[in-house]
Amino acid sequence: MPIKVLDPQTVARIAAGEVVERPASVAKELVENSLDAGSSQISVEVRGGGVSLIQVTDNGAGIPSGEVELAFDRYATSKVENLEDLESIQSLGFRGEALPSIAAVAQVDMVTSTTGDRAGTYLSLRDGVITGQRSQGRSQGTTVTVRNLFRKIPARLKFLKSVATESGHIANVVSQYALAFPEVRFSLFLDGRAALRTPGSGRLIDSIVEVYGVEVAENMIELKGEAEAPLPQVAGMVGSPKVSRSGRGYLSFFVNRRWVNSRLLARAVEEAYHGLLMVGKHPLAIINISLPAHEVDVNIHPTKSEVKFGNERTVFSAVHRAVHQALVEQMPVPRIEEVAVAYESPSRPSQALLPSDKVSITSPAPWAPEVPTSPLPVLRVLGQLDNSYIVAEGPDGLYLIDQHAAHERVLFEKIENQRSQRETEVQGLLEPMTFEVSPRQEAVLQSHYQDLAEFGFAIEPFGDRTFLVRAVPALIYSKDWSAMLRELLDSLSEGDEGDWVEGVARSMACHSAVRAGQALSDTEMRELVRQLEQSATPHTCPHGRPTMIHLSSGQLKKEFGRT
Ligand code: ADP
Ligand code: MG
């Protein structure tokens, strides 16, 4: 064959192949365009894994009627003007390739309107050629509809995976940008099903709740920005070591809010977790790195998903340091319940949207410092179940509260408070009582008078393994305090000397709390719930066990098959 220059249509299709690898690439380019247009709402609708339909609707700036046609020309862009601009790209797009590339491999329709235009513009293209254009009413913003992707390229179609897999890739793209832009309200529909909705509140944690579920969100640690820090600035959230995943797909990196793949950044994060995760487990992280545009080259690949840093070492250590510091300090995320209920959507997906492996969350060890310390929302008591559980309703669903565990938590905090403020309520015994102990118990008791006195026990030796008790804490006056004391001395002589003070408080709380099987009046239940609402750590009892089970409205709907 003689050498010939290819015809423009063939050129366009070859070039398109670089940008549009699969349906998710189309979604990515369209969502990036919507973000560049300053949209605060972006809705993505997908059918047939994106092959039948990908439609992205935004409320951004729109395209002036005189420029709509031009938008589909190769290398036509409103985002950079010259070589200098290329050195400091602020927008997600800049190559002017996406729209023509998509139009080369699918049927595209666009309706767009700017504030300046009296009416919007409709444009349709088939095989990259404009086949229709007219004015059409539309509020400010743009809708791009892409149909029959790759229909004319059977080789590409053949390489696509199942509808579920391709839909999953699209869901991932939308999820990533939802994480990068929490101030934008995203919604995603897959074959008519609402798969993701974010509130657009501007808080990353709200996006995390929607993308990864409440369980993960409750275990995220915020990266503390250093106000005076030199660039690059590292912000975002990382999962506590309790949240781990069996794949690397849960590391999200954004550079100046552009979603990127980066082995360098992945390594920085994984090294910060060194020794904190079990073998084969990987962390979950959402990290944005801000640095001057000229210190990062985004123009190294047509999909713009890879970047090159001017100074890799600085970026690596900034990320490593930020993650490491956050993990060390184990900052619990405040007010996750509030976050979870702040956004009520009729079809909120209850849990992790992203497919594949499950999150593993190990239950907290007693006294683990990373127990979430979020307060409870206000709850309305509905009744008692099995004389053991309080059934209550919250702003987001149902709460089943273990009455014993909850009461233990409330009493434990009260006991600790009173002790530290030296306000322990003491009840003197009408007649001092003798208290006989074993040799081992005696040894323990002798070295801990003072500690016990702080809790309200007035105990003195009475000779021959006998002690005289003159007063006890008011809280356990009417309970079997001698049994409690004995148990305490036994458990302590077995060696947990270290937690003595906490051990006493825990034991007192346990012995004075209401038991399972005890009927409670409405007033008693309300009082207990009120006290639990004020607790600093209402979710676990002093032994580290959960005090309640929360079923969100979303989970309930899911259970009843109403997603
Ligand atoms: P690039 O994003 O690299 O500029 P594209 O081919 O993706 O190239 O888009 C071409 C141009 O069309 C953009 O520069 C922008 O001016 C306009 N455009 C595309 N999508 C939108 C949108 N959703 N809202 C407003 N303008 C858009
Ligand atoms: Mg673009």
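Here, the structure is the one placed above.
Residues numbered from 1 in each chain as written. Chains lettered and ligands numbered in written order. Predicted model: local features only at pLDDT ≥ 70, side-chain atom pairs only at ≥ 80, totals over all residues. Heavy atoms only, no water.

Under the defined criterion, the tally for this structure stands at 3 aromatic pairs. Between Y177 and F181, the ring centres sit 6.2 Å apart and the planes meet at 40°, which makes this aromatic pair tilted. In this structure F181 comes out as buried when scored by relative accessible area, which is 11%. When the centroid spacing of 6.3 Å and the interplanar angle of 85° are considered together, the rings of Y177 and W259 count as edge-to-face. (Phe/Tyr/Trp six-rings, centres within 6.5 Å; stacked < 30°, edge-to-face > 60°. Buried < 20%, exposed > 50% of the residue type's maximum accessible area, 1.4 Å probe, protein only.)

Pairing is mixed in the open sheet, where 5 strands are placed in the order 9-10-14-12-13. A strand with exactly one partner marks an edge of an open sheet, and here the two such strands are strand 9 (220-222) and strand 13 (258-260). Taken pair by pair, the neighbouring strands of this sheet meet at an average axis angle of 20°, ignoring direction. (Pairing = 2+ DSSP bridges. Helix = DSSP H or I, 4+ residues; strand = E, 2+ residues; numbered from the N terminus. Axes fitted to C-alpha atoms, helices over the stretch in contact; angles between N-to-C directions.)

The next point concerns the site of ligand 1. Close to ligand 1 lie 20 residues; N33, T77, S78, K79 and G96 are nearest. At a separation of 3.3 Å, an oxygen atom of ligand 1 approaches a polar backbone atom of A98. With the chains in place, 93% of the 530 Å² that ligand 1 exposes on its own is no longer accessible. For the shell around ligand 1, the secondary structure elements donating two or more residues are helix 2 (23-36) and helix 5 (98-105). For the shell around ligand 1, the leading source of residues is helix 5, giving 3 residues. A breakdown of the residues in the shell around ligand 1 according to their chemical character gives 8 nonpolar, 8 polar and 4 charged. (Near = heavy atom within 4 Å. Polar contact = N/O pair within 3.5 Å; in protein donor to acceptor, adjacent residues only side chain to side chain. Areas by Shrake-Rupley, 256 points an atom, 1.4 Å probe, with all protein chains shown as cover. Nonpolar A, V, L, I, M, F, W, Y, C, P; charged D, E, K, R; others polar.)

Attention shifts here to the pairing of strand 6 (residues 141-147). The buried fraction of strand 6 amounts to 6 of the 7 residues, a majority that puts the element mostly inside the structure. Bridge count between strand 2 (residues 53-58) and strand 6: 6 bridges; the pairing is antiparallel. Across the sheet, the residue bridging to Q55 is T145, located in strand 6. As paired strands, strand 3 (residues 107-113) and strand 6 are joined by 7 bridges and run antiparallel to one another. Bridging from a neighbouring strand, V111 pairs with T143 of strand 6.

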